[in-house]
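Each chain is listed here by its residues.
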Amino acid sequence: KPDMTVFIAGGNAEPKEILRALEEHPDCCANVHFISMFFPGINTTNFANLNPNTRVTSFFATPETREDIHRGRIDYIPIQYRSIYSYLENGIDIDMAIAQFPEPFEDGSISLGISVDFLPAVINRAKFIVGEINNRQPAPKGILILHLDRLDIATRSSHPLPTSPFIQLNET
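All figures in this text were calculated on a predicted structure; none of them were measured in a lab. (Residues numbered from 1 in each chain as written. Predicted model: local features only at pLDDT ≥ 70, side-chain atom pairs only at ≥ 80, totals over all residues. Heavy atoms only, no water.)

Enquirer: For this particular structure, what's the right way to read the overall build of the chain?
Expert: Broken down by element type, the chain carries four helices and nine strands. Its helices and strands in sequence order give the chain the pattern β-α-β-β-α-β-α-β-β-α-β-β-β, from N to C terminus. The globule rule puts the C-alpha radius of gyration for 172 residues at 16 Å, and the 16 Å found for the chain is close to it. Considering only C-alpha atoms, the chain reaches an extent of 50 × 50 × 30 Å along its principal axes. Residues classed as buried in the chain amount to 47% of the 172 residues present. Counting contacts in the chain only where the partners sit at least 6 residues apart, residues at least 24 apart contribute 66% of the total. When the accessible surface of the chain is totalled, it reaches about 9,100 Å², and 52% of it is carbon and sulfur. Taken as two groups, the 14 positive and 21 negative side-chain charges of the chain have centres that lie 2 Å from each other. (Helix = DSSP H or I, 4+ residues; strand = E, 2+ residues; numbered from the N terminus. Rg over C-alpha atoms; globule rule 2.2 N^0.38 Å. Buried < 20%, exposed > 50% of the residue type's maximum accessible area, 1.4 Å probe, protein only. Contact = heavy atoms within 4.5 Å. Areas by Shrake-Rupley, 256 points an atom, 1.4 Å probe, with all protein chains shown as cover. Lys, Arg positive; Asp, Glu negative; His and termini not counted. Charge placed at Lys NZ, Arg CZ, Asp CG, Glu CD.)

Enquirer: In this structure, what is going on with the packing of aromatic side chains? I would like to understand it.
Expert: Two measures describe an aromatic ring pair: the distance that separates the ring centres and the angle between the ring planes. Applying the stated criterion to the full structure yields four aromatic pairs. Aromatic side chains F34 and F47 sit 5.4 Å apart centroid to centroid with 40 degrees between the ring planes, which places their arrangement in the tilted category. Placement of the pair is F34 in strand β2 (residues 33-36) and F47 in the loop between β2 and β3 (55-58), with a sequence separation of 13 residues. Ring plane angle 50 degrees and centroid distance 4.9 Å describe the contact between Y81 and F118, whose orientation is recorded as tilted. Here the residue Y81 occupies a position in helix α3 (residues 81-91), and F118 occupies one in the loop between β6 (109-111) and α4 (119-123), the gap between them amounting to 37 residues. (Phe/Tyr/Trp six-rings, centres within 6.5 Å; stacked < 30°, edge-to-face > 60°.)

Enquirer: Which parts of the structure should I look at to understand the pattern of salt bridges?
Expert: In a structure, side chains of opposite charge can pair up when their charged atoms sit close to one another. Within this structure, the stated rule accounts for six salt bridges. Notably, a salt bridge pairs D95 with K127, separated by 3.1 Å at the nearest N-O pair. In this pair, D95 is assigned in the loop between α3 and β5 (96-101) and K127 in the loop between α4 and β7 (128-134), connecting sequence segments 32 residues apart. Judged by relative accessible area, which is 18%, D95 ranks as buried. Using a relative accessible area of 56% as the deciding quantity, one classes K127 as exposed. The salt bridge partner of R156 is E103, with a shortest N-O separation of 2.8 Å. Here R156 is found in strand β9 (residues 153-157), whereas its partner E103 is found in the loop between β5 and β6, with 53 residues between them in sequence. In this structure R156 comes out as exposed when scored by relative accessible area, which is 55%. (Salt bridge = Lys/Arg side-chain N within 4 Å of Asp/Glu carboxyl O.)

Enquirer: Hey, could you run me through the environment of K127 in this one?
Expert: Residues K127 and L50, spaced 77 residues apart in sequence, show a C-alpha to C-alpha distance of 23 Å. In this structure, K127 is in contact with D93, I94, D95 and D152, ignoring residues within four places of it in sequence.

Enquirer: Explain the sheet that holds β3 here, please?
Expert: Strand pairing within a sheet occurs via backbone hydrogen bonds; the two strands may be parallel or antiparallel. Spatially, the seven strands line up as an open sheet ordered β4-β3-β2-β1-β5-β7-β9, and their pairing is parallel. Of all strands in the sheet, those bounded by a partner on one side alone are β4 (74-76) and β9. Sheet twist, expressed as the average angle between the axes of neighbouring strands with direction ignored, equals 20 degrees. The pairing of β5 with β7 spans six bridges and is classified as parallel. Along β7, the bridge assignment pairs Q100 with E132. Contacts between helix α1 (residues 16-24) and the sheet are confined to β1 (5-8), β2, β5, β7 and β9, with β7 contributing the most and set at about 115 degrees to the helix. (Pairing = 2+ DSSP bridges. Axes fitted to C-alpha atoms, helices over the stretch in contact; angles between N-to-C directions.)

Here you go:
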């Protein structure tokens, strides 16, 4: 929806199926301000390419986003990890949070899964939460839990989590 600020989880919590749907319907992204973490080698969707009138804020630069950072299409804020959390928790209103979650537990609660770096900063402040429930996302114990009915919209997916390629180190 125009003029919304939308946090999209990065890392292993990136909602790949939802992002595919946004790519197929770019008009939904017009005048939307996306905030996300683009982790090199993991997150390859450049939200600035979703619609010419999309605004993007990111705290990391990747090969996929570098050109749009230089052109001013992505606001790049190079701050330390803890400062990113504080910025998300206190510095900006979040209209919508979109993330990938594991399967809910039998009691109707749902874990944030294995990517809990920045999502906890926005999940309880977002006015609207969209979840992609991936049956291949693990649900470790001791992670922040919310009730399934806190998700305003949910969709299901089944895809492996992204991994970084193994790099063989040599002695040089």
